[in-house]
Amino acid sequence: MEAGERRRLRREAAEYYRGLRVPERLEEALNTLFPQPPEDLYGELANYFSKFSKAPVISKLVGRRVLNGIGQPTLEVEIYCTVKNYEKRICSSLMATHSQIPENALPETIEADEKERDDSVHTAVEWVNESLNTMLRGLEPADQCQADKMLGEYFANKVEEKKEIENQEEEEGKEKEEEEAAPALYLPAPLPKQKRGGKPGRRLSVEVKPIPPAEPAEPVLCGSLAIGGTSLAIAKAGASISRVPLYLHTALLKHPQEPPKEMTLPLPMVTLLNCEKILPTKLKLVKEVILIPPAELPLKQGIERVLDIQKEMTRLLESSGKVAGPQTEVKKGKAQKALLSALKRISHLGCLTIGYDSLEQLLLLMETACNNIGLELGTDMYLAINCAAHELMDYDKGKYEILTGTFKTPDEMVAMYVEMINDFPFIIALIDPLRKEDREQWSRICCALGSKCYLIAEDAATQISKLKTDENINIAMCSGVVLKYINQTKVSDLIELTGILDGQRHITILGSPDGESSDESLVDLAVGLGARFLKLGGLSRGERVAKYNRLLAIEEELAANGALR
C-alpha cells in the first residue's frame, strides 16, 4: 500500500472515530479511573464502553423436541442474540403440556392423544427453526410487546390457513358425494301421529329441566407450542440482557409507568393428596386435597409445615389401618390392599395417590394428622379442595356422581357445598365445584359462599384465548381464575388478563399443567404479575420441587433487598 493511501485511510479513520466521540469518551473514561486505578484496567474500560454499544438483537432461534417431567414430548426454544458483534446463546424455555383427556379415557383415545402431541411438537419445532427464526431475526428481546404482536399475527394466519384447508376439503367431499350418489325415488315422510289429549284433571309428569350440554373443547392448533415457547424465551432473554430477574422484568412489563418498589409473594397451593377417580374407593367428589399456609407465615416456614403434615399423613396411612381418625378402622381385604398399594405411588402431580369412601373420612384424617403435630386446621393451615366437577357429570342422568352410585343435580350440589363449608370452615377454597356450563348455579354458590371461601375456576375457565372479550372476562361468576401457560399463550396475554382480573377484583392463580417441565419461569411470572396463589402440585417430583425452590430463592432475594411486602 502506498504512503498516500495509508494517510488517506488514517484521516478517514480519525474522522470516523471523532464522529463517534471515541477520543473524548476515552479521555473521560481514563479520567474517572484516577486517582485510584482499578486492578483490571481493560476490564473496567470494557464495562465503561459497553453502555455505548448497540442493543442486543435476536440472531437465531433453535427449536428442539425434548421430554417433560412425565416423559412426554414437548418443545424447547433456545434464543441466540448478537451481543457486541458476537453471537451468544442467551437462554432457553421449556414448555409444559396440558392434556384434556380424562383419567378413565379409552386406550384408543389415549393413543390418539399421544400421536396428536407428537405431531404438534414436530410442527412446533419446524415453526421455530424456519418461519419464526426468520421473522424475529433482528428484533430486540426487550421489545416484548412487538414480539408478541408478531407471534399473534403469525398464529392467526396459521389458524386461517387451517380453516381454508378444511373448507376446501369439505367442498371436495360434498362434490364427490354428489357425483357418486345415484338417483333415488323420494317418498313423502309419514306425518307424525297426533297424541290424544289427556283426561280432564289429570296432570302430565313434570319434565326435569335439562342441564346445559357440555361445551366442546377448544381445538388446539398443531404447532401452537411454538408461540408460547418463543414468547417465554424472549421474555427470559430480555431479563437476562437487562441483568434483572425474570420476575422483576415481568413486573416492569406490567407496570412500565410505576415500577413496583415492593413485591408480594403468591401463596403456594401445595397438593397433598391426589384422589384419582378411577380408584376402587367410593368418593368421586375430591380430585386434589391442597394445603395453603397462612399468609402471615414466611414461605419457608409454610413449606416446612406442609412437609410435616405430609410425613404425618403418610405415617397414619401406613399404620394399622386407621385412616379416618383414632376411632375408625379400615376394613380388611381388598380396600386395605388398594390403600397400601396406592401409598407406594406418586402421582404426576407430585403427591400421594389415595382414595376414600367419604368426604368426612378424608377430612377427619386431615384433622388428626394436624393435631398429632400440634397444628390446627383453620388457624395454622388451611385446605382447598379441587372437585374437578366436569369429570363427575353423568350426561345420561343429567347429574353429578359424587360417590359411587350417588348422584346430585346442579342445584343439589350447591346445597351440599354450603353444608360442607359450614361443617368444615377450614376449607377456604373450592376449585371447579361445578362445570363451566352451570352458570346459574355458579351465581348461586357465589352468593351463598362468596364471603366464606374462594370459588375458583380452573377447567371451568375457558381457554385463555377465549377469556378476554371486550375488556371483560368471559367466565361464570367466581372469585378467581387459574391461568396456565400452555400452547399459544403469550407473556403479553398473561399481563393483559391479570390486569383485567385485578380491575374486576378477581384473584389470579397461576397453575402448573399436568405435563410440567423443569422450566421454573412460571414462578417468576406469578411473582411479577402479582398473582394471589401459585398452584404447583406436590413436593415429590423434581420438576415441581424445583419451582418451590425457586419461590424460596425469590423470597430470600426480596427480603435481602428490602423489597418483600
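Just above sits the structure.
Keep in mind the model is a prediction, meaning the values are calculated, not measured. (Residues numbered from 1 in each chain as written. Predicted model: local features only at pLDDT ≥ 70, side-chain atom pairs only at ≥ 80, totals over all residues. Heavy atoms only, no water.)

A. Layout of unusual backbone geometry. The phi dihedral of K84 falls on the positive side, at around 50°, and the residue is not glycine. Within the fold, K84 resides in the loop between β2 (73-83) and β3 (86-94). (Helix = DSSP H or I, 4+ residues; strand = E, 2+ residues; numbered from the N terminus.)

B. Highlighting a negative patch on the surface. Taken together, the side chains of E169, E171, E172, E175, E177, E178, E179 and E180 make up a negatively charged region of the molecular surface. Relative to the assigned elements, E171 resides in helix α5 (residues 144-180). (Patch = residues over 30% accessible without salt bridge, like charges linked within 9 Å, V, L, I, M, F, W, Y side chains within 5 Å. Areas by Shrake-Rupley, 256 points an atom, 1.4 Å probe, with all protein chains shown as cover. Salt bridge = Lys/Arg side-chain N within 4 Å of Asp/Glu carboxyl O. Lys, Arg positive; Asp, Glu negative; His and termini not counted. Charge placed at Lys NZ, Arg CZ, Asp CG, Glu CD.)

C. Representation of the packing of aromatic side chains within the structure. By the definition in use, this model includes 7 aromatic pairs. Ring geometry for W127 against Y154: centres 5.5 Å apart, planes inclined by 85°, an arrangement best described as edge-to-face. Placement of W127 in helix α4 (residues 107-136) and of Y154 in helix α5 is noted, with a sequence separation of 27 residues between them. Ring geometry for Y454 versus F533: centroids 5.4 Å apart, planes at 80°, classification edge-to-face. (Phe/Tyr/Trp six-rings, centres within 6.5 Å; stacked < 30°, edge-to-face > 60°.)

D. Focus on the environment of I58. When you line up the elements, I58 lands in strand β1 (residues 57-67). Owing to a relative accessible area of 2%, I58 belongs among the buried residues under this scheme. The contacts of I58, once residues within four sequence positions are left out, are I79, Y80, C81, L136, R137, G138, L139, P141 and I234. (Buried < 20%, exposed > 50% of the residue type's maximum accessible area, 1.4 Å probe, protein only. Contact = heavy atoms within 4.5 Å.)

E. A look at the sheet that holds strand β10 (residues 406-408). With antiparallel pairing, 3 strands are arranged side by side in an open sheet as β8-β9-β10. Across the chains shown, the open sheet's two edge strands, defined by having one partner strand only, are β8 (393-394) and β10. Note: strand β9 (residues 399-403) against β10, 3 bridges, orientation antiparallel. When the sheet's bridge partners are listed, L403 is paired in β10 with T406. Where helix α11 (residues 410-423) meets the sheet, its contacts fall on β9 and β10, and the angle it forms with β10 comes to roughly 100°. (Pairing = 2+ DSSP bridges. Axes fitted to C-alpha atoms, helices over the stretch in contact; angles between N-to-C directions.)

F. A nonpolar patch on the surface, seen in detail. A cluster of nonpolar residues, Y16, Y17, L20 and V22, forms a patch on the protein surface that exposes about 390 Å² of accessible area. Among the structural elements, L20 can be located in the loop between α1 (3-19) and α2 (22-32).

G. Highlighting the nonpolar core. Formed by 120 residues in total, the largest nonpolar core has its most connected members in L273, L285, Y356, Y417, I427 and L430. Split by domain, this core shows at least three residues from each of two domains, domain 2 (58-156 + 219-225) and domain 3 (246-318 + 343-561). Each residue touching Y417, except ones within four places of it in the same chain, is listed here: L285, C387, L430, P433, I445 and L449. Ranked by size, the runner-up nonpolar core spans 13 residues in total, among them A429, I456, V482 and F533. (Core = buried A, V, L, I, M, F, W, Y, C linked by side-chain atoms within 4.5 Å. Domains from an automatic or database assignment.)

H. Spatial organisation of the side chain of S224. Mapping S224 onto the fold places it in the loop between α5 and α6 (225-242). The exposure class assigned to S224 is buried, which follows from its relative accessible area of 0%. Not counting chain neighbours up to four residues away, the residues in contact with S224 comprise S120, W127, F155, N487 and Q488.

I. The packing of helix α15 (residues 521-529) against helix α16 (residues 542-560), seen in detail. Following both chains from N to C, one finds α15 and α16 inclined at 40°, their axes separated by 8 Å at the closest point. As summarised for this structure, α15 and α16 are arranged oblique, according to the angle between their axes. For the element pair α15 and α16, the recorded crossing hand is right-handed. Across from V523, D524 and V527 in α15, the residues of α16 making contact are K547, R550, L551 and I554. (Parallel < 35°, antiparallel > 145°, perpendicular 65-115°, else oblique. Left-handed = near helix turned anticlockwise from the far one by under 90°.)

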